[in-house]
Amino acid sequence: MDRRSLLRNAGIAGVLATGIAPAVHAQAAIRWRLASSFPKSLDTLYGGAEVFAARVKALSGGKFEISTHAAGELMPAFGVVDGVQQGTVEVAHTAPYYFFGKSEVFALGCAIPFGLNSRQMTAWMHEGNGLKLMREFYAKYNIVNFPAGNTGAQMGGWYRKEIKSSADMKGLKFRVGGFAGKVIERMGGVPQNIPGGEIYQALEKGTIDAAEWVGPYDDLKLGFAKVAPFYYYPGWWEGGPELDIFVNQKAYDGLSPEYKAMVESAASDAHITVQARYDARNPAALKQLVAAGTKLRPFSNELMNVAFKESMALYDDIGSKNADWKKIYADYSSFRADQNVWFRFTEMTFDRFMQNQKL
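Predicted, not measured: the structure shown is a model, and the values here were computed from it.

Draft legend 1. Representation of the pairing of strand β2 (residues 64–69). Pairing analysis gives six bridges linking strand β1 (residues 30–36) to β2, with the strands arranged parallel. Residue pairing in the sheet places R33 in a bridge with S67 of β2. With respect to chirality, the unit in which β1 leads through helix α4 (residues 45–59) into the neighbouring parallel β2 is right-handed.

Draft legend 2. Fine view of the sheet that holds strand β9 (residues 230–233). With mixed pairing, the six strands of this open sheet are ordered in space as β7-β6-β8-β5-β9-β11. Among the strands making up the open sheet, the edge pair consists of β7 (190–192) and β11 (295–298).

Draft legend 3. Region of interest: the nonpolar core. Ranked by internal contacts, the top residues of the largest apolar core, which has 84 residues, are W124, Y159, W213 and W236. Considering each element in turn, this core owes the most residues, seven residues, to helix α14 (residues 301–319). Setting aside chain neighbours within four positions, we find Y159 in contact with L172, F174, D209, A210, A228, P229, F230, Y232, W237 and F299. Counting 25 residues, the second-largest nonpolar core is a separate cluster that includes A49, V51, V144 and Y252.

Draft legend 4. Focus on a nonpolar patch on the surface. A contiguous nonpolar patch, built from Y233, V290 and L296 and spanning about 220 Å² of accessible area, is present on the exposed surface. We classify V290 as partly exposed; its relative accessible area is 38%.

Draft legend 5. Summary view of the sheet that holds strand β4 (residues 143–150). Within the open sheet, the five strands sit side by side as β2-β1-β3-β10-β4. Their pairing is mixed. Bordering the open sheet on either side are β2 and β4, each of which pairs with just one other strand. Sheet twist, expressed as the mean angle between neighbouring strand axes with direction ignored, is 25 degrees. Sheet topology places β1 next to strand β3 (residues 91–94); three bridges connect them, and they run parallel.

Draft legend 6. Quick look at the side chain of R336. Inspection of the secondary structure puts R336 in helix α15 (residues 323–345). Notably, R336 is buried but unbridged: the nearest opposite-charge side chain belongs to D316, and the N-O separation is 8.5 Å. Ignoring anything within four residues of it in the chain, the contact list for R336 reads I112, F114, G115, L116, M312 and Y329.

Draft legend 7. Spotlight on α14. Between its first and last C-alpha atoms α14 spans 27 Å; for 19 residues at 1.5 Å apiece the expected length is 27 Å, and the two agree. The set of residues buried in α14 consists of L303, M304, A307, S311, M312, L314, Y315, I318 and G319. All buried residues of α14 fall inside an arc of 165 degrees around its axis, so they share one side. Opposite the buried face of α14, at more than 90 degrees from it, the exposed residues are N305, K309 and D316.

Basis of the calculations
- Counting restarts for each chain: residues are numbered from 1 in the order of the written sequence.
- For this predicted model, a pLDDT threshold of at least 70 governs which residues receive local features, and a threshold of 80 or more governs which side-chain atom pairs are given and counted, while totals over whole chains, interfaces and linings are taken from all residues.
- Working from all heavy atoms in the structure, the side-chain values ignore hydrogens and water.
- By definition, two strands form a pair when at least two bridges between them are found by DSSP.
- Under the DSSP-based scheme used, a helix requires at least four consecutive residues in state H or I and a strand at least two consecutive residues in state E, with every element numbered from the N terminus.
- For a crossover, the right-handed case is the one in which the path from the first strand over the helix to the second runs clockwise, viewed with the strands pointing away from the viewer.
- Here, nonpolar core means buried Ala, Val, Leu, Ile, Met, Phe, Trp, Tyr and Cys residues that are tied together by side-chain atoms lying within 4.5 Å of each other.
- Note on classification: 1.4 Å probe, protein chains only; a residue is buried when its accessible area is under 20% of the maximum for its type, exposed when over 50%, partly exposed between these limits.
- In this analysis, two residues are considered to be in contact whenever any of their non-hydrogen atoms come within 4.5 Å of each other.
- To count toward a patch, a residue needs a relative accessible area above 30% and no salt bridge. Like charges then connect within 9 Å, nonpolar side chains (Val, Leu, Ile, Met, Phe, Trp, Tyr) within 5 Å.
- We get accessible surface area from the Shrake-Rupley algorithm with a probe of 1.4 Å; when it comes to residues, only the shown protein chains can shield them.
- Every case where a carboxyl oxygen of Asp or Glu lies within 4 Å of a side-chain nitrogen of Lys or Arg is listed as a salt bridge.
- Only the stretch in contact is used when a helix axis is fitted, and all axes are lines through C-alpha atoms; the angle between N-to-C directions ranges over 0 to 180 degrees.
- We treat Lys and Arg as the positive residues and Asp and Glu as the negative residues; His and chain ends play no part in the count.
- An expected span of 1.5 Å times one less than the residue number is assigned to each helix.
- It is the directions from the helix axis to the C-beta atoms that the arc portrays.

Structural data, given as structure tokens:
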């Protein structure tokens, strides 16, 4: 009896009794390469790719291996979408909003000013229409996306001088990630999109006046406090920025159902791990920064209101020109409105109470 006849006619008990290995062990070995947009020194961000690759290898019993490569090893930090689209690499791990220059819709898959927080973003992706809508969009770039990390709400960045009102943003050369630069520009600032590994030198040399990255844990590693004393919050442009695994469509289509399930499971593992690491590590890092002299400052309500107004106007403008944005943002904004009402009654009330307690 040939193998196919055996599998067709025997039950699972019969197959196991013959000693034939389950399907996952019968699959061919696969070797992929992953290009990250982050340097190895940022173990939380680059670490997300490592968690993903390690999980795939473990689930496949070593049959499916993905080598991870930091920004600049295989291609520049901002070249990874082109790399996946063209099939130069099979996988990338990145923050989608870096690529808003291709289409503003990339930002909706990551973070937009005054958008969803991290839990809401995960809910929109997995239980709302987010994943469906974004996959329809990414298909135009030969990409299949998987949520694979979130930093949680970020800090508002490091400044050489105090920012007391929105007027202080005018003329400010500000390194700000991705799409947020469009709002900063509307406020009179001069946005600069610089990879993480290059920010410190630009800030030290005065090429830029201010810079934001993520939050205390990463910012401490990058040393920004040495060259800019004022640390503002919150990062209103990144309430819950999602990182993604981007897989080349042809490479993904070539996987067996079992290997596809491994990719999805591994991305979910990375998604949980990245935010857990940030939430666990940021408190101690913030204490260390403050102890060393960092000056924490909140953005003024006036500045926040101006930024919100400019953000909403921007989204209307984009929707009048970009049909993909108009379609996806309509769903996103509706979901955001419902989430805002729900969180007002539970999360916000509980958090506000707890943050006023002496623990």
